[in-house]
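# Topology and contacts: notes
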Amino acid sequence: MTIWYRNQGYNFTITSSTAYDQKWIRGRNTYGNIDRLVDSIFANYLSRPGVRQPIFTSYCDGQRVTCNGLSQWGSKYLGDEGYSAIEIIRYYYGSDMYINSAVSVAGVPSSWPGYNLTIGSSGDKVRQLQQQLNRIAQNYPAIPKVTVDGIYGSRTAEAVRVFQRVFGLPASGITDYPTWYEISDVYVGVSRISEPG
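Now for a description of the structure that goes with this document. (Residues numbered from 1 in each chain as written. Predicted model: local features only at pLDDT ≥ 70, side-chain atom pairs only at ≥ 80, totals over all residues. Heavy atoms only, no water.)

Moving on, we get to helix H3 (residues 72-80). Residues of H3 that are buried: Gly-74, Ser-75 and Leu-78. For H3, the arc enclosing every buried residue in end-on projection is 95°, short of the 170-degree limit, so these residues lie on one face. At the C-terminal side of H3, Gly-82 shows a positive phi close to 100°. (Buried < 20%, exposed > 50% of the residue type's maximum accessible area, 1.4 Å probe, protein only. Helix = DSSP H or I, 4+ residues; strand = E, 2+ residues; numbered from the N terminus. Arc of directions from axis to C-beta.)

A separate point is helix H4 (residues 85-93). Every α-helix carries 3.6 residues per turn, so stepping three or four residues along brings you back to the same face. Every buried residue of H4 is accounted for by Ile-88, Ile-89 and Tyr-93. An end-on view of H4 places all buried positions within 110° of arc, on one side of the element. Among the structural elements, strand S1 (44-47), strand S3 (70-71) and H3 are those in contact with the buried residues of H4. In the stretch just after H4, Gly-94 is the one whose phi turns positive, near 110°. (Contact = heavy atoms within 4.5 Å.)

Under the defined criterion, the tally for this structure stands at three salt bridges. Residue Asp-80 pairs with Lys-76 through a salt bridge whose shortest N-O separation is 2.4 Å. Placement of the pair is Asp-80 and Lys-76 together in helix H3, with a separation of four residues, close to one helical turn. The class for Lys-76 is partly exposed, based on a relative accessible area of 36%. (Salt bridge = Lys/Arg side-chain N within 4 Å of Asp/Glu carboxyl O.)

Right, let's talk about the packing of aromatic side chains for a bit. With the rule as written, the count across this model stands at four aromatic pairs. Sitting over the face of the ring of Tyr-98, Arg-90 holds its NZ or CZ atom 4.9 Å from the ring centroid. (Phe/Tyr/Trp six-rings, centres within 6.5 Å; stacked < 30°, edge-to-face > 60°. Lys NZ or Arg CZ within 6 Å of the ring centre and 35° of its normal.)

Turning next to the environment of Thr-175. Its place among the elements puts Thr-175 in the loop between helix H6 (154-166) and helix H7 (177-191). The class for Thr-175 is buried, based on a relative accessible area of 0%. Residue contacts for Thr-175: discarding those within four places in its chain leaves Trp-112, Tyr-115, Asn-116, Leu-117, Leu-129, Tyr-152, Val-160 and Trp-180. A polar side-chain atom of Thr-175 sits 3.0 Å from a polar atom in the side chain of Tyr-152. (Polar contact = N/O pair within 3.5 Å; in protein donor to acceptor, adjacent residues only side chain to side chain.)

Now for the packing of helix H5 (residues 124-139) against H6. Running from N to C, H5 and H6 cross one another at 50°; their axes reach a closest spacing of 11 Å. Comparing their axes, H6 and H5 come out oblique. For the crossing formed where H5 meets H6, the hand is left-handed. On H6, the residues touching Leu-129, Gln-130, Leu-133 and Ile-136 of H5 are Thr-156, Ala-159, Val-160 and Phe-163. Residue composition of the contact of H5 with H6, by class: six nonpolar, two polar and no charged. (Axes fitted to C-alpha atoms, helices over the stretch in contact; angles between N-to-C directions. Parallel < 35°, antiparallel > 145°, perpendicular 65-115°, else oblique. Left-handed = near helix turned anticlockwise from the far one by under 90°. Nonpolar A, V, L, I, M, F, W, Y, C, P; charged D, E, K, R; others polar.)

Let's shift gears to the packing of H6 against H7. The contact between H6 and H7 brings their axes to 11 Å, and the two run at 80°. Judged by the angle between their axes, H6 and H7 are roughly perpendicular. Contact residues: H6 offers Val-160, Phe-163 and Gln-164, while H7 offers Thr-179, Glu-182, Ile-183 and Val-186. Grouping the amino acids of the contact of H6 with H7 by side-chain chemistry returns four nonpolar, two polar and one charged.

A word on the nonpolar core. One finds Leu-129, Leu-133, Ile-136, Ile-143, Tyr-152 and Phe-163 to be the most contacted residues of the largest nonpolar core, which totals 20 residues. Counting residues per element, the ones that place at least two in this core are H5, H6 and H7. Not counting chain neighbours up to four residues away, the residues in contact with Phe-163 comprise Leu-133, Ile-136, Ile-143, Leu-169, Thr-179, Glu-182, Ile-183 and Val-186. Counting eight residues, the second largest nonpolar core, distinct from the first, contains Leu-46, Ile-55, Ile-88 and Met-97. (Core = buried A, V, L, I, M, F, W, Y, C linked by side-chain atoms within 4.5 Å.)

Here it is in structure tokens:
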């Protein structure tokens, strides 16, 4: 890690070295399957009992660059042997490691309810979903508007299905974590709530 950026007046520390992180470039191409995987694990972090902050882990290819911890090819081979994600983490970092999920993620208007929303679901999270879909539909008219009643019926499922098609997600009509995150992300974009007034 480097403090160069902080010394230049920025409020973050980043290296843009593949030994630690990847440089973010506006407009850079991304791959849909990677986006969906990142969205599905975005709220996960590693911890140990009695340690309040998330555990820092490093990740290297294990051949050209080595580090203390997880390696690309080492974890690949363990996966081929049938190790689960937590078993691979514990192989590298010890048996007292755990994968946790954050209750909420900063920057998302309201956090994931912790379960899939589908036909028959009801409540405030469904109402929020319906409101966000209706706002998104103003910019993406292919998405049908729905009644904001907090009940996940066939019309809400169809609006979710169309949203999923438009944004390259599996079109199930079920609001799973990747769909919730994408709806929240698009909602922030179209409503411009992330921009300072």
